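# Observations on the model geometry
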Amino acid sequence: MNAEPSIQSKLLDLAAVDAELTRIEHRRKVLPEEQEVQRLETERTSRKDAAVKVQILIDDLDRDIRKLEGEIDAVRKREDRDRTMLTSGSVGAKQLSELQHELTSLERRRKVLEDDEIDVLERREAAAADHAHAGANLDQAETDLIDAQRRRDDAMADLAVAQQRCNSDREALSKAFPADLIAAYEKQRASTGIGAALLQARRCGACRIEIDRGEISRITQTAPDVVVRCPECNAILVRTKHSGL
């Protein structure tokens, strides 16, 4: 394959654009802003789960409070009934003794229930404080996530602009090459990621391997318009005044 040295040298410009496109694609995959968004999404989920867990606890405590209130109310009604019967004067001595005994038991039962209710109410108050704290943490996580998503979107937009610019440059550069040369370049680039590189100080700019003296001697004797390849990675070697040949 033959191509004018000036045309071959333009392959370096094309390779530089392609290298930039590769860097842009790599940056898009490992974008710190995207990683921050993912971290904050995980944190938001964790804080949301924490808030839901506390809400479930509050619901359970509210149910316990309603149950205790119902039981206390039932005991009080029974106490009121017994007191009414005691003061009515319509019961005999034996029933009077039984009512007094029952009233004592009911008062003891009511006190236990009221103590339980106080304990549950205190737990409910603490849970409400935890829920408020969890809600504030969730709100902060939502705000942080929105800010991170904005920064991620800005970074992605910058990459898209850079990629578009490189694609335009690449399209303009590609038109300068003969069909067979650009086809060889594209095939090599698809194979190893680098289609062409500078030969400098006996070293291939693509694979960075130093070429032995015998091969360098052969390349030196090759006409300038002949396209040469790296014997190690097969990349197109562009010879310039910096190649030291």
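As a starting point, this report considers the structure included with it. (Residues numbered from 1 in each chain as written. Predicted model: local features only at pLDDT ≥ 70, side-chain atom pairs only at ≥ 80, totals over all residues. Heavy atoms only, no water.)

The periodicity of an α-helix, 3.6 residues per turn, causes residues three or four positions apart to be oriented the same way. With 25 residues, helix H1 (residues 5-29) extends 37 Å from end C-alpha to end C-alpha; this agrees with the ideal 36 Å at 1.5 Å per step. For H1, every residue scored as buried is listed here: Ile7, Gln8, Leu11, Leu14, Ala15, Val17, Asp18, Leu21, Ile24 and Arg28. In this structure, the buried side of H1 is in contact with helix H3 (93-174), helix H4 (179-192), strand S1 (196-200) and strand S4 (236-238). (Helix = DSSP H or I, 4+ residues; strand = E, 2+ residues; numbered from the N terminus. Expected span 1.5 Å × (residues − 1). Buried < 20%, exposed > 50% of the residue type's maximum accessible area, 1.4 Å probe, protein only. Contact = heavy atoms within 4.5 Å.)

Glancing now at the sheet that holds strand S2 (residues 203-204). Backbone-to-backbone hydrogen bonds pair the strands of a sheet. The strands run either parallel or antiparallel. Across the sheet, which stays open at both edges, the four strands sit in the order S2-S1-S4-S3 with mixed pairing between neighbours. In the strand order of this sheet, the two ends are held by S2 and strand S3 (228-229), each with one partner. One ladder, built from three bridges, connects S1 with S4; its direction is parallel. Directly across from Leu198, in S4, lies its bridge partner Val238. Most of the contacts of H4 go to S4, to which it runs at about 115 degrees, and overall it touches S1, S3 and S4. (Pairing = 2+ DSSP bridges. Axes fitted to C-alpha atoms, helices over the stretch in contact; angles between N-to-C directions.)

Bringing the side chain of Thr222 into the picture now. Tracing the backbone shows Thr222 in the loop between helix H5 (213-221) and S3. Here Arg218 takes part through its backbone oxygen, which lies 2.8 Å from a polar atom of the side chain of Thr222. Once residues lying within four places of it in the same chain are set aside, the contact partners of Thr222 are Val228 and Arg239. (Polar contact = N/O pair within 3.5 Å; in protein donor to acceptor, adjacent residues only side chain to side chain.)

Another point: unusual backbone geometry. A positive phi angle, close to 65 degrees, is found at Arg208, a residue other than glycine. Exposure remark for Arg208: the relative accessible area of 52% places this residue in the exposed category. Positive phi outside glycine occurs at Asn234, with the angle close to 75 degrees. Looking at the secondary structure, you find Asn234 in the loop between S3 and S4.

Here we take up the pattern of salt bridges. For the coordinates displayed, the defined rule picks out 31 salt bridges. We note a salt bridge from Asp60 to Arg63, for which the minimum N-O separation is 2.4 Å. One end of the pair is Asp60 and the other is Arg63, both in helix H2 (residues 32-88) and three residues apart, which spans about a single turn. Using a relative accessible area of 29% as the deciding quantity, one classes Asp60 as partly exposed. The salt bridge partner of Arg150 is Asp154, with a shortest N-O separation of 3.8 Å. With a gap of four residues between them, Arg150 and Asp154 both fall in helix H3, about one helical turn apart. Overall, Asp154 belongs to the partly exposed group, its relative accessible area being 41%. Salt bridges linked by common partners bring Arg76, Glu79, Asp80, Arg83, Glu107, Arg110 and Glu114 together as one network. (Salt bridge = Lys/Arg side-chain N within 4 Å of Asp/Glu carboxyl O.)

Formed by 14 residues in total, the largest nonpolar core has its most connected members in Leu11, Leu14, Phe177, Leu181, Tyr185, Ala196 and Ile236. For this core, the secondary-structure elements that each account for two or more residues are H1, H4 and S4. Not counting residues up to four positions away in its chain, the partners in contact with Leu14 are Arg170, Leu173, Ser174, Phe177, Ile182 and Tyr185. Core analysis: the second largest hydrophobic core is formed by 12 residues, Cys204, Ala206, Ile216 and Cys233 among them. (Core = buried A, V, L, I, M, F, W, Y, C linked by side-chain atoms within 4.5 Å.)

Looking at the element boundaries, Pro5 is found in helix H1. For the pair Pro5 and Val238, spaced 233 residues apart in the sequence, the C-alpha separation amounts to 8.2 Å. Once residues lying within four places of it in the same chain are set aside, the contact partners of Pro5 are Pro224 and Asp225.

Once that is clear, we can look at the packing of H2 against H3. Between H2 and H3, the shortest axis-to-axis distance is 6 Å and the interhelical angle comes to 165 degrees. Relative to H3, the element H2 lies roughly antiparallel. Read as a crossing pair, H2 and H3 show a hand that is left-handed. Of the residues contributing to the contact of H2 with H3, the split by class is 28 nonpolar, seven polar and 31 charged. (Parallel < 35°, antiparallel > 145°, perpendicular 65-115°, else oblique. Left-handed = near helix turned anticlockwise from the far one by under 90°. Nonpolar A, V, L, I, M, F, W, Y, C, P; charged D, E, K, R; others polar.)

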